Amino acid sequence: MENSPKQVSWYRGRAAYGVLVAVVAAAAAGVTALLMNISERKAEQRVPYVRVVEVTEKDTDPAKWGRNWPAQYDSYRKTALRTSTKYGGHAGSEALPEEKIERDPWLKRMFLGYAFSIDYRDRRGHAYMLEDQEATQRLTKPQSGSCLHCHASIMPLYRELGGGDAMTGFASTFKLSYQELSQKLHESGHAHPVSCPDCHDPNTMSVRVTRPGFINGIRALAESAAAVPAIPSIEIWRAGSRKEPYDPNRDASRNELRSFVCGQCHVEYYCGGKMPLTFPWANGLGADEAERFWDGTKFPDGSAFYDYKHEETHAPILKAQHPEFEMWSQGVHARSGVSCADCHMPYMREGASKVSDHWVRSPLLNVSRACQTCHRASEQEMQARVATIQGRNYELLQRGGAAIVDLIQAIVDARAAGVGEAALEPALALQRRAQWRLDYIAAENSMGFHAPQEAARILGEAADFARQGQIAALRARAPDLVPAAPAAGSAPLPPSSAAPAPSGSGTRPK
């Protein structure tokens, strides 16, 4: 029997009612789930981590810290992954990175007389910083225990050696060989690459600096009259009573500390066996100020400072390390308040929490989070801008390398022709100045990007001094045929003290 129109309408009404009830129930469930999710995320924000285990100053194994801070630890572990860009990073075999001195032979000749002419490779991630140092062939030559200052989580060992005072322990380690201090490090159980307590207070997780070399260096910088627009807390300290030395952990802002923690190691320094590890910041953070500091430095025996004597020319050479912090301080990003961590450890979202990415790497590998939070250009445009800057500095670097080789050869030829040491003094002094500048940019791991105009200026001076030195050597050999080099408006040349024979390999593995 067919239903009447009235019955059909009734059934349809019941069905619509059922659908409505289902929709309302689903909506209510969805809203409830959303509210619960919001509540959970707010709880996560209020309690960003849970201490599963207690950690102290002596806990240098990052895996233990990772139980409390798994997101940060997971990203830190990625520093073991192979990464590379056009001008840096590990692009060789999985065993060892490629040799820079094979790719750029002028580096090898420039470093003759120094252990870097034996083994000088591309960098790898932080996870390998101790392993790669222990494996370098540079250790076939005498090296100082100071070299572990930046490659190991060494603060507990410093405290142990200093009877509880890390500064005292640090001050004596330059007297130990690398092998001696490395053995103590392994026996102490702290043979880890730079780890969590090197940058974080284990009680509060506040960012901090721990390295004695940096603390001494930044105090010397604060006490100088050098302009430091990238570090406003120093100007504030200078305007105060100065009763207490500048203390970065007390006086610096948190944003400054997010660069200072990197500046503990990514800097220029001396770490040989003749005196304690030293940062050359007493005149300022620029390349010229560092050169002036080294030129005015004497070893404890009263002799003039140098890193090594060049094997072929006998010139007393300054060897730059990796002055990323100094070059960053000369650039527009530093003056704009952009910290190292903003670009190399940008924030990322982990659930409801915002954490700093501990996969420390080139911003070019992470443009969206490292660059585009400030720059409203496409990823392709940002990469193109960087490529232009780095490409131009690379070309200047290569021209400087060719000029250095020509200078070295001119000095060698002049000496072979019987030219005396006194006549070669100007050429040797110019080699020292040219090589310092060229190496400063070659060793700095941004290919000029941290401060493009400053890098180009330094490389321009490197090539200029190298060519002036070449002319000086040619003139010493044939004074009647080669005119004197024109003055370049530079500062007076430092004495080269070049007469002694080469002293063998240097003492600072990187």
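Residues numbered from 1 in each chain as written. Predicted model: local features only at pLDDT ≥ 70, side-chain atom pairs only at ≥ 80, totals over all residues. Heavy atoms only, no water.

A. View of helix 9 (residues 178-188). Residues of helix 9 that are buried include every one of Tyr178, Leu181, Ser182 and Leu185, and no others. Around the axis of helix 9, the buried residues are gathered within 105° of arc, so they sit on the same side. Buried residues belonging to helix 9 abut helix 6 (129-135) and helix 7 (155-161). Immediately downstream of helix 9, the backbone of Gly189 shows phi near 85°, a positive value. (Buried < 20%, exposed > 50% of the residue type's maximum accessible area, 1.4 Å probe, protein only. Helix = DSSP H or I, 4+ residues; strand = E, 2+ residues; numbered from the N terminus. Arc of directions from axis to C-beta. Contact = heavy atoms within 4.5 Å.)

B. Fine view of the packing of aromatic side chains. Evaluation of the coordinates by the stated rule reveals 26 aromatic pairs. Geometrically, the ring pair formed by Phe299 and Tyr306 is edge-to-face, given 6.3 Å between the ring centres and 85° between the ring planes. Both residues of the pair, Phe299 and Tyr306, count as buried. Members of the aromatic cluster, each reached through a chain of ring pairs, are Phe214, Phe260, Tyr269, Phe279, Trp281, Phe325 and Trp328. Note that Arg138 overlies the ring of Phe116, its terminal NZ or CZ placed 4.2 Å from the centroid. (Phe/Tyr/Trp six-rings, centres within 6.5 Å; stacked < 30°, edge-to-face > 60°. Lys NZ or Arg CZ within 6 Å of the ring centre and 35° of its normal.)

C. The packing of helix 14 (residues 287-295) against helix 20 (residues 421-443), seen in detail. Between helix 14 and helix 20, the shortest axis-to-axis distance is 11 Å and the interhelical angle comes to 135°. Taken as axis vectors, helix 14 and helix 20 run oblique relative to one another. In terms of crossing hand, the pair formed by helix 14 and helix 20 is right-handed. Side by side, helix 14 and helix 20 meet where Ala287, Asp288, Ala290, Glu291, Trp294 and Asp295 of the first sit next to Arg432, Arg433, Trp436, Arg437 and Tyr440 of the second. Partitioning the contact of helix 14 with helix 20 into residue classes produces five nonpolar, no polar and six charged. (Axes fitted to C-alpha atoms, helices over the stretch in contact; angles between N-to-C directions. Parallel < 35°, antiparallel > 145°, perpendicular 65-115°, else oblique. Left-handed = near helix turned anticlockwise from the far one by under 90°. Nonpolar A, V, L, I, M, F, W, Y, C, P; charged D, E, K, R; others polar.)

D. Region of interest: the layout of surface pockets. The computed volume of the second largest pocket comes to approximately 170 Å³. Residue lining of the second largest pocket: 14 residues in total, with Ala227, Val228, Pro229, Leu285 and Gln330 positioned closest to the centre. Split into classes, the residues belonging to the lining of the second largest pocket amount to seven nonpolar, five polar and two charged. (1 Å grid on protein atoms, 1.4 Å probe; cavity = no way out; pocket = protein on both sides within 12 Å on 5 of 7 lines; lining within 4 Å. Points joined across faces, edges and corners; volume = space filled by probe spheres on them.)

E. Structural detail: the pattern of salt bridges. What the rule picks out here adds up to 27 salt bridges. Between Arg51 and Glu54 there is a salt bridge, with its nearest N and O atoms 3.8 Å apart. Arg51 sits in the partly exposed class, given a relative accessible area of 27%. Ionic pairing is found between Arg369 and Asp357, a salt bridge with its closest N-O pair at 3.3 Å. Of this pair, Arg369 sits in helix 18 (residues 367-370) while Asp357 sits in the loop between strand 6 (353-356) and helix 18, and the two are twelve residues apart along the sequence. By relative accessible area, Arg369 is classed as partly exposed at 26%. Each of the salt bridges in this network shares a partner with another, and the network as a whole consists of Asp288, Glu291, Arg433, Arg437, Glu454, Arg457 and Glu461. (Salt bridge = Lys/Arg side-chain N within 4 Å of Asp/Glu carboxyl O.)

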